[in-house]
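One letter stands for each residue in the lines below.
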Amino acid sequence: MTTAPLLKKPPSRSPATAAQGRRAARLRRSVREHLTAYGFLCAAVVIFALFSWWPIVRNVLLAFQDVNFATGSTWTGLTNFEKLFADPLLATAWRNTAVFTAYALVLGFFVPFLTAVLLNEFRHARAYFRVLVYLPVMLPPVVVALMWKWFYDPGPGLLNEVLRTLHLPTSAWLDSSSTSLVSLVIVSTWANMGTATLIYLAALQTIPGELYEAAELDGANLWQRLRHVTVPQTRFVLLVLLLLQIVATMQVFTEPYVMTGGGPDDSTVTVMFLVYRYAFVYNDFGTASALSLLLLLVLAAFSALYLRVTRTKEG
Amino acid sequence: MAASTRTLIRPSVLRTRKGKLVYWSVLTVALALFTLAFLVPLYWAVTGAMKTPAELAQNPPTCVPAEWHPENYARAWREMDLTRYFLNTVLLAGGAWLIQLAVQVPAAYALSKLRPRFGNVVLGLMLVTLMMPATALLVPVYLTVVDVPLFHRNLIDSPSAVWLPAAANAFNIYILKNFFDRVPDELLDAARIDGAGPLGTLWRIVLPLSRPILAVVSILSVVAAWKDFLWPLLVLPDPAKQPLSVFLQRVAQDTPLNSLVAGLVLASLPLIALFLVFQRQIVAGLGAGSLKG
């Protein structure tokens, strides 16, 4: 009699306690698992917080501050922007950057694409072409810039010598404000076109051959096949690289810094060059941040577009 | 790849006499142009370094050195104290590489396999940084390095000023995570049943399977560190600590041209060697790398 309730009681309580116990154990295990996971993540989170997330926020704050290491920074409202817009170099820098980007698109966008289309037709020496075109990508940009500064020398420089050999008019290259910017674009195209070319080449190789055959049966000539098969089939890669090219070239700094120092007559002062000058020549970090912020907004718009394009493709 | 796949030009056209003629002439012209555009500049630099200063200043220039002075390379190495700057560069690139792997691999593993709560939020916040190009954040990151928040350390002239910001690379974490995602969970469960902890699983199961992606990430990070200029220029003002790129730019004005060019060639050799050895990995990383910008 007395054992019956005792026997009865445990079954009535035990499912509850067991469930509770299980829940507690699961919670403990889940807490432990999350702690372990965050243990693996913590170094990255700290590094990102210090060198990426906080700087992004701080750039906005700095744009409205007068940065002073000794006495501490003070809020100055829009003073930095007023100072910036009063600087006649601001318009020059944006214009030069826009022109640089435009030239770089004409050269750096079409030249690699046409090169890739051409190389894709070749049945010989493919490895040679591929190595050749990619070799400059491996050179440090400073090496490329200093080397080309020497090639551009109007006297004993390589480029004018080549032009003279071909009986073409020579150029002042970096020494004239009318050719300095395009000379820089030629260098950066030479140095970077390998990347785009090889990416286009990979994209071209995925186009099904039947599409060309079908187009041919419909009477499409070479140009029409290029226009209506090749281009649409590689449209995604073309768009992605176009956006990347814009984002990359708008940040140009090393070439003008090393090769021209912004000259002649400020013809190669770019936005990043001006940011550098405000921050590290004039020690005016606030105004430099204000200009960075403007650049960042423009670049973020293109980057967002780029991420959107690539995400849609993936999804 | 498959050389037989049909491209723009019809294969049968290429078999005709006229087709062959056009093909070979276009190929020859392309070979000549590409060699001229990409190999001649390098030839010019390599041989230019072996010319005498007088010959280098000569107008018009000589295509083949009148006098060969290969010893210019050894002299330039000695006079410019290149051993020091090579070691500096190796230290910066090697350290950046190790710290990147040490930070990014565990993070990607946690996000891919341990899946903590809010892991997706963390990943999202990391990916957002891809929209913020590094150069545009130059000023605030520089100020962070001058006085690291919370730790209040000044990293100027310390190699960690180059190493640590390099580790904040969302793109690498993203491609590592994507690769780890493809490692079957059953393998990890089996390892757990055998008593391996998360670290053991990462070390003994995930990493050995991930060699290709680790190679790609490693090469990308070493090459990027070797090529970098603006950042080391800012954070390593001490001339004795600068890498090759900053050093060469700094002394370019006051160095005899043949020595400078010898220095430029020597500074490029490691990357060219790396390229010739790891071509396949580098080209594989290209498709992935292009997403970074």
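Shown above is the structure to which this text applies.
Note that this is a predicted model, so its numbers are computed, not measured. (Residues numbered from 1 in each chain as written. Chains lettered and ligands numbered in written order. Predicted model: local features only at pLDDT ≥ 70, side-chain atom pairs only at ≥ 80, totals over all residues. Heavy atoms only, no water.)

### Comments concerning the environment of Tyr73 of chain B
Residues and elements named next belong to chain B. Applied cut-off: Secondary structure counts use DSSP, requiring at least four H or I residues in a row for a helix and at least two E residues in a row for a strand, with both numbered from the N terminus. Think of it in three bands: with a 1.4 Å probe and only protein chains considered, a residue is buried below 20% of the maximum accessible area for its type, exposed above 50%, and partly exposed in between. Residues are treated as being in contact if the distance between any of their heavy atoms lies within 4.5 Å.
Assignment of secondary structure puts Tyr73 in helix α4 (residues 71-79). Here Tyr73 falls in the buried class, since its relative accessible area comes to 16%. Taking the C-alpha atoms as reference points, Tyr73 and Val46, 27 residues apart in sequence, are found 9.7 Å from one another. Apart from the residues within four sequence positions on either side, Tyr73 is in contact with Ala45, Val46, Ala49, Met50, Ala262, Val265 and Leu266.

### Remarks on the packing of helix α5 (residues 82-114) of chain B against helix α9 (residues 170-181) of chain B
Residue and element names in this part refer to chain B. Selection criterion: For helices, the fitted line uses only the C-alpha atoms of the stretch in contact; every axis is such a line through C-alpha atoms, and the angle between N-to-C directions lies from 0 to 180 degrees. Working rule for angles: under 35 degrees goes down as roughly parallel, over 145 as roughly antiparallel, 65 to 115 as roughly perpendicular, anything else as oblique. Two helices that cross are described as forming a left-handed crossing if the nearer one is turned anticlockwise from the farther one by less than a right angle, and a right-handed crossing if clockwise. Each residue gets one of three labels, nonpolar for Ala, Val, Leu, Ile, Met, Phe, Trp, Tyr, Cys and Pro, charged for Asp, Glu, Lys and Arg, and polar for the others, Gly among them.
Look at α5 against α9: their axes get within 8 Å of each other, and the N-to-C directions meet at 45 degrees. On the basis of their axis angle, the class for α5 and α9 is oblique. Like other packed secondary-structure pairs, α5 and α9 cross with a definite hand, here right-handed. Residues Gln100, Gln104, Val105, Ala107, Ala108, Tyr109, Leu111, Ser112 and Lys113 of α5 touch α9, and the partners they reach there are Asn172, Ile173, Leu176, Lys177, Phe180 and Asp181. For the contact of α5 with α9, the residue count by class is 8 nonpolar, 4 polar and 3 charged.

### Points about the interface of chain B and chain A
For clarity, the cut-off: Buried area is a sum: the accessible area each of two parts loses on coming together, probed at 1.4 Å, counted once for each and added. A pairing counts as a salt bridge when a side-chain nitrogen of Lys or Arg comes within 4 Å of a carboxyl oxygen of Asp or Glu. As used in this structure description, the phrase polar contact means that two N or O atoms lie within 3.5 Å; if the pair is within protein, one of them must be able to donate a hydrogen and the other to accept it, and residues adjacent in sequence are counted only when both atoms belong to side chains.
Between chain B and chain A, the residue contacts involve 109 residues of the former and 99 residues of the latter. Interface area for chain B against chain A, summed over the two sides, is near 9,400 Å², with a carbon-plus-sulfur share of 78%. Our count for the contact surface shared by chain B and chain A stands at 2 salt bridges. Between chain B and chain A we count 16 residue pairs in polar contact (both at pLDDT 80 or more) in total.

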